[in-house]
Amino acid sequence: MKTWRIFVISSIFITGYCQDVNLTFPEHLKLGVATASYQTEGAWNANDKGVNVWDFWTHKYPSLIADESNGDVACDTYNKYKEDVQIIKNLGFNFFRLSISWSRILPSGLANEISKDGIQYYKNFITELIANDIEPVVSLYHWDHPQVIEEMGGWTNELIVDWFADYARIIFTELGPYVKIFTTINEPQIFCSQGYGSVKTAPGKLLQDVGPYLCGHNVLKAHAKVYHMYDDEFRATQRGQIGMALSASSHYPLDADDNVSPDTAFQFECGWFMNPIFIGDYPEIMKTRIDMISERQGYSESRLPRFTPEWIAYIKGTADYFGLNHYSSKIVEPDPEEEFNVYNTDEGIIHTRNSTWSMSATSWLWVVPEGFGNVLRKIKNDYGDPTIFVLENGYSDEGELDDYHRIEYYYSYLKELLIAVNRDGCKVERYAVWSILDNFEWSEGYTKKFGIIGVDFDNPSRNRTYKLSAKWWEKVLHTRTLLEVPRSSAPNNYTWSFMITACCIMSVFNYFHIFR
Ligand code: NOJ
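Residues numbered from 1 in each chain as written. Predicted model: local features only at pLDDT ≥ 70, side-chain atom pairs only at ≥ 80, totals over all residues. Heavy atoms only, no water.

Caption draft 1: A look at the overall build of the protein. Helix and strand counts for the protein come out as 17 helices and 15 strands. Here the C-alpha atoms of the protein give a radius of gyration of 24 Å, agreeing with the 24 Å that 2.2 N^0.38 yields for 516 residues. The dimensions of the protein, computed from C-alpha atoms along their principal axes, are 85 × 60 × 50 Å. Counting over 516 residues, the protein shows a buried share of 56%. The long-range share in the protein, meaning contacts at least 24 apart out of those at least 6 apart in sequence, stands at 76%. (Helix = DSSP H or I, 4+ residues; strand = E, 2+ residues; numbered from the N terminus. Rg over C-alpha atoms; globule rule 2.2 N^0.38 Å. Buried < 20%, exposed > 50% of the residue type's maximum accessible area, 1.4 Å probe, protein only. Contact = heavy atoms within 4.5 Å.)

Written out as structure tokens, the structure is:
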């Protein structure tokens, strides 16, 4: 074969593989894993721990959980945390995101009684992490508030703002000297909508369409109060960072000319909480629509409560980073019934998927890697280029140990992350895998698995098993480079598109007799 032919063919291959992306993780981007107390800890009634809303809910209404299970034992992290720390260390992760169980610290929900055992457990866990060179990242609240607080109205009672601040003060005092990153509240839009507007999530109260916004209003006040308390009482000595974690998807319009629906959907999902924190007050589209629909429904006031100017100013600026949980994307279109003055939802959007997107085991989780990059760029543009901590990203299946699809998911999503960081300058400083362990997936029980480490939930010793994805992650972490999906896996989208492009180019060459 003539030299020039070899040159042409190798150029095609080289161009195909060099996709103009720097696949190296920059030094400032730390990689970690995430969990949450109720989903992993177990030991639901150890020592003096109080009952939380998820203990109560799963015990009282087991039929609302897919496999009628609960988090009584879960992964038994309470007893096995040292083993888990060794796994994380061996894999090479830089940080571990855990959450504190409020009722393990305050059995009565309020600050009159502090559990020494509860404090000691988290101190042991956190010092074990630090001793193994793993940075602790701590959420104060991941959906499991004390049942006694719920009986007093939970997140719909404004007094929770003070109760939450009292609890946070104890955590900062006891654990703050060891922890440099705190998250106040995880994914409030989920527990406010589903916990106070449906029976999908504890406490499962059907409070018309008023409950979710009341919950959200108190969440924002509680978050801001805790942020200011950290500033006033702890920041000078502890020098940490504090923020909130929100889930945000990318939204693509069904009709290319529709330039309204994607942003409306984003505002109802993410702007609800991040606008008051980063910009000041609720998004205009939420105020306008909820006011209008409330009036049509005959309410004397909008179902969306309003902040006074003092509260707007107090909440604005209360984040040292933007905490992002990202999994998937959606196709959006305006609800056609609104043309006939029928308002089915406050946002007025129908959410679907593109039929080419592949699915995970979870009904809402479709694999759309480019959506990750888009949401990072949207946050950069809309919220003043903040420091971003990706606090959750992951894929669910039914528990396969050779979890190629999970590796493909991570590969394709991390590639988009690296484009957003290395090419587009998004300031992402943390990225956490959800999750290190298979765990209790809320109303799905143990039927959906997100872990890179499997847990044998039928065995009292809750043995851990490395999945293929854990081994892949280990190599990525040791090289700090995004590695291709192992060979035996089915070709991923990128490989397919490369092969198809190469074939097309070869056919064109052939057609014009270039190789003759
Ligand atoms: C986000 C939640 O924070 C977490 O608790 C949950 O398990 C994952 N999404 C997966 O659904």
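Caption draft 2: Spatial organisation of the sheet that holds strand β3 (residues 135-141). One closed barrel holds the eight strands; their spatial order is β1-β2-β3-β4-β5-β7-β12-β13, and the pairing between them is parallel. When strand polarity is set aside, the average angle formed by the axes of neighbouring strands in this sheet is 25 degrees. Bridging between strand β1 (residues 30-34) and strand β2 (residues 95-99) involves three bridges; their strand directions are parallel. By the bridge assignment, V33 is partnered in β2 with F96. On top of the sheet, helix α8 (residues 160-175) reaches β3, β4 (181-186) and β5 (241-247); it is set at about 160 degrees to β3, its chief contact. (Pairing = 2+ DSSP bridges. Axes fitted to C-alpha atoms, helices over the stretch in contact; angles between N-to-C directions.)

Caption draft 3: Molecular detail of the pattern of salt bridges. Counting across every chain of the model gives 28 salt bridges. E284 is the partner of K287 in a salt bridge, and the nearest nitrogen-oxygen pair spans 3.2 Å. Placement of both K287 and E284 in helix α12 (residues 284-296) is noted, with a separation of three residues, approximately one turn of the helix. Note on K287: relative accessible area 11%, which makes it buried. Using a relative accessible area of 54% as the deciding quantity, one classes E284 as exposed. Where D382 meets K378, a salt bridge forms, and the shortest distance between an N and an O atom there is 2.8 Å. (Salt bridge = Lys/Arg side-chain N within 4 Å of Asp/Glu carboxyl O.)

Caption draft 4: Examining the domain arrangement of the protein more closely. Parsing the protein into structural domains produces domain 1 (1-23 + 494-516) and domain 2 (24-481). A straight line from the C-alpha centre of domain 1 to that of domain 2 covers 44 Å. Residue-level contacts link five residues of domain 1 with 12 residues of domain 2. In total, about 690 Å² of surface goes out of reach between domain 1 and domain 2, with carbon and sulfur atoms giving 56% of it. Between the two partners, domain 1 and domain 2, sit zero salt bridges. Connecting domain 1 to domain 2 are two residue pairs in polar contact (both at pLDDT 80 or more). Looking at the side of domain 1 that touches domain 2, its residues break down into three nonpolar, two polar and no charged. (Domains from an automatic or database assignment. Buried area = accessible area lost by both parts, 1.4 Å probe. Polar contact = N/O pair within 3.5 Å; in protein donor to acceptor, adjacent residues only side chain to side chain. Nonpolar A, V, L, I, M, F, W, Y, C, P; charged D, E, K, R; others polar.)

Caption draft 5: Quick look at the state of the cysteines. Under the criterion given, the structure shown has one disulfide. A sulfur-sulfur separation of 2.0 Å characterises the disulfide bridge that pairs C192 with C215. Disulfide C192 to C215: torsion about the S-S bond roughly -65 degrees, handedness left-handed. Taken together, the residues C192 in helix α9 (residues 188-195) and C215 in helix α10 (residues 211-238) connect sequence positions 23 residues apart. Side by side, C192 and C215 carry an identical accessibility label, which is buried. Of all cysteine sulfurs in the structure, the one in C270 sits closest to C426, which takes part in no disulfide; the separation is 14 Å. Overall, C426 belongs to the buried group, its relative accessible area being 3%. (Disulfide = S-S within 2.5 Å.)

Caption draft 6: Highlighting the site of the ligand. Around the ligand, the neighbouring residues are Q39, H142, N186, E187, N325, Y327, W364, E392, W434, E441, W442 and F450. Between the ligand and H142 there is a distance of 2.8 Å, counted from an oxygen atom to a side-chain nitrogen or oxygen. Within the contact set of the ligand, an oxygen atom lies 2.9 Å away from a side-chain nitrogen or oxygen of W442. Coverage of the ligand by the protein amounts to 96% of the 300 Å² it exposes when considered alone. Classifying every residue of the shell around the ligand by side-chain character gives five nonpolar, four polar and three charged. (Near = heavy atom within 4 Å. Areas by Shrake-Rupley, 256 points an atom, 1.4 Å probe, with all protein chains shown as cover.)

Caption draft 7: Highlighting a nonpolar patch on the surface. Taken together, the side chains of Y61, L64, V199 and L206 present a nonpolar region at the surface, about 350 Å² in accessible area. Relative to the assigned elements, Y61 resides in the loop between α3 (53-60) and α4 (77-91). (Patch = residues over 30% accessible without salt bridge, like charges linked within 9 Å, V, L, I, M, F, W, Y side chains within 5 Å.)

Caption draft 8: Spotlight on the packing of α8 against α10. Direction vectors running N to C along α8 and α10 enclose 30 degrees, while the axes themselves pass 9 Å from each other. Taken as axis vectors, α8 and α10 run roughly parallel relative to one another. For the pair α8 and α10, the crossing hand works out as right-handed. Only N218, K221, A222, K225, V226, M229, Y230, E233, F234 and Q238 of α10 make contact with α8, whose side of the interface consists of I160, V161, D162, F164, A165, A168, R169, F172 and T173. Class assignment for the residues of the contact of α8 with α10 results in 11 nonpolar, three polar and five charged. (Parallel < 35°, antiparallel > 145°, perpendicular 65-115°, else oblique. Left-handed = near helix turned anticlockwise from the far one by under 90°.)

Caption draft 9: Looking closely at the sheet that holds strand β6 (residues 250-253). Taken in spatial order, the three strands of this open sheet run β6-β8-β9, and their pairing is mixed. Only two strands of the sheet have a single partner each, and these edge strands are β6 and β9 (349-352). When the angles between neighbouring strand axes are averaged without regard to direction, this sheet yields 40 degrees. Of the strands in this sheet, β6 and β8 (329-334) touch helix α14 (residues 369-382), which is tilted by about 105 degrees from β6.

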